[in-house]
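# Structural description and commentary
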Amino acid sequence: MHVVICGGGVIGACAAYFLSRRGIDVTVVERTEVAAAASGKAGGFLALDWCAGTPLDALARRSFELHAALPNEVAADWSYRRMNAYSGVVVGEPSAHRHKPAELVWLADGVIITSRLGTPETTAIVPPRTFTTAMMTAAQARGAKLRAGRVTGLVRSGDRAHVRGVEVDARVIEAGAVVIAMGPWSVLAAQWMSLPPVFGLQSPSLVYNTGTDVAADALFLEYPDEGVSIEVFPRGDGTTHITAFSDQAPLPLDPAAVTPDPQAIERLQAIAERLSPAFRPERILARQSCFRPVTQDGVPFIGAVPGSKGAYIATGHSVWGILNAPATGEALAELIADGAARSTDLAPFNPARLRALDPSLLRSG
Ligand SMILES: Cc1cc2nc3c(=O)[nH]c(=O)nc-3n(C[C@H](O)[C@H](O)[C@H](O)COP(=O)(O)OP(=O)(O)OC[C@H]3O[C@@H](n4cnc5c(N)ncnc54)[C@H](O)[C@@H]3O)c2cc1C
């Protein structure tokens, strides 16, 4: 069987890896470049049990396990590392009475650590672009093909019940199965199939070259004076990712056209400077923004598309797409190859649980 995966983000790359590991012929079609969107611009933070009590719990636990195992399975080093995670608060007047864990002395006095949220047993991190690219390269080493192009439609059988390929820049690629993994742009597939909507939520972020100046601890900080929550993610490659606030800006049709709002970046930069001298402007490597894919109920779509045999979707992973990509890819490969997923129960992720989008809404913009 030939499987075409539409989208070369972390979900498409992991699906390609697990399908090709089973000897299945795979082509990934990507219109910009691998990890061009959120998968290259995310923090990369991973947690074992932060989805506990939600439909994502089993997917997250299996993914956390796979993230730990993949560096031994794939001949590439993407700086996976275990870490602590702390919560804290940024205050105007530093308190002399609170002390920080020894490894957090690099933080300004106005940052008060309030509790430990995760330990190296439960929290970890990957630089997401390197991870996504490594998974795609590993898939290619097992025979997967990466094709540059824009997916513009689906090709159906005479009775229209079966999907038998995709249209890429007006050419047809035949396929026994098609996977929609275009992140928030998966919403375009609702023109071609019966699918519920997918939205994009934008967040700005900064990436600093901090080398070894910043300890390997993730920080989740409240900043009441600014009315924001800040996330600080030091990564094993010597970069630190800082993000805060998300908004509902319109999703550009072209992923390459996603640019950060200069005001949001300026505000984020001022907040970062307040946290530590380690975040000096000359250390900024990237001022960026990206759209994470979200569904109406906050639960991803992973599974067969209702009413279109041979079509599958994997998107809507919101803030946990880097974490949950491996188990998504693994389960999807089982579903496509064997007819059922064994490693993770995909029932909570069935897109049929939500009402399909009226395609005329997309055509009218
Ligand atoms: C600021 C920020 C921080 C985050 N931090 C974390 C974190 O710490 N941990 C975590 O687990 N998750 C995090 N996330 C979430 C994570 O980034 C996303 O859930 C994940 O990257 C989504 O991956 P994806 O493959 O579904 O989509 P995307 O990364 O959006 O990839 C979709 C791909 O499809 C391509 N495409 C689109 N249209 C077409 C077309 N017509 N034809 C061909 N290709 C097409 C695009 O070019 C793109 O490369 C964060 C997100 C943001 C915004």
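Everything in this summary refers to the structure shown in the same document. (Residues numbered from 1 in each chain as written. Predicted model: local features only at pLDDT ≥ 70, side-chain atom pairs only at ≥ 80, totals over all residues. Heavy atoms only, no water.)

### Points about the site of the ligand
The environment of the ligand is made up of 37 residues, and the closest members are Glu-30, Ser-39, Cys-290, Ser-318 and Val-319. One of the backbone nitrogen or oxygen atoms of Val-10 is found 3.2 Å away from an oxygen atom of the ligand. Here a nitrogen atom of the ligand sits 2.9 Å away from a polar atom, N or O, in the main chain of Val-151. Contact with the protein chains covers 98% of the free accessible surface of the ligand, which is 1,000 Å². (Near = heavy atom within 4 Å. Polar contact = N/O pair within 3.5 Å; in protein donor to acceptor, adjacent residues only side chain to side chain. Areas by Shrake-Rupley, 256 points an atom, 1.4 Å probe, with all protein chains shown as cover.)

### Thoughts on the nonpolar core
Core analysis: the biggest nonpolar cluster contains 63 residues, and Ile-5, Phe-45 and Leu-332 have the highest contact counts within it. In this structure, Val-29, Leu-195, Ile-313 and Leu-354 belong to the second largest nonpolar core, which totals 29 residues. (Core = buried A, V, L, I, M, F, W, Y, C linked by side-chain atoms within 4.5 Å. Buried < 20%, exposed > 50% of the residue type's maximum accessible area, 1.4 Å probe, protein only.)

### So, the packing of helix H1 (residues 10–21) against helix H6 (residues 321–338)
Where H1 contacts H6, the two axes come as close as 8 Å, and the packing angle between them is 40 degrees. When the interaxial angle is binned, H1 and H6 end up oblique. In the packing of H1 onto H6, the handedness of the crossing is right-handed. Between H1 and H6, the residues in contact are Val-10, Ile-11, Cys-14, Ala-15, Phe-18 and Leu-19 and Gly-321, Ile-322, Ala-325, Pro-326, Thr-328, Gly-329, Glu-330, Leu-332, Ala-333 and Ile-336, respectively. The residue makeup of the contact of H1 with H6, split by class, is 12 nonpolar, three polar and one charged. (Axes fitted to C-alpha atoms, helices over the stretch in contact; angles between N-to-C directions. Helix = DSSP H or I, 4+ residues; strand = E, 2+ residues; numbered from the N terminus. Parallel < 35°, antiparallel > 145°, perpendicular 65-115°, else oblique. Left-handed = near helix turned anticlockwise from the far one by under 90°. Contact = heavy atoms within 4.5 Å. Nonpolar A, V, L, I, M, F, W, Y, C, P; charged D, E, K, R; others polar.)

### What to know about the pairing of strand E13 (residues 199–209)
In terms of residue burial, E13 counts as a mostly covered element, since nine of its 11 residues are buried. Across 10 bridges, E13 lies against strand E17 (residues 284–294) in antiparallel orientation. Residue pairing for E17: Gln-202 is matched across the bridge by Phe-291. The pairing of E13 with strand E16 (residues 239–244) spans five bridges and is classified as antiparallel. Within E16, the position partnered with Asn-209 by the bridge is Thr-239. (Pairing = 2+ DSSP bridges.)

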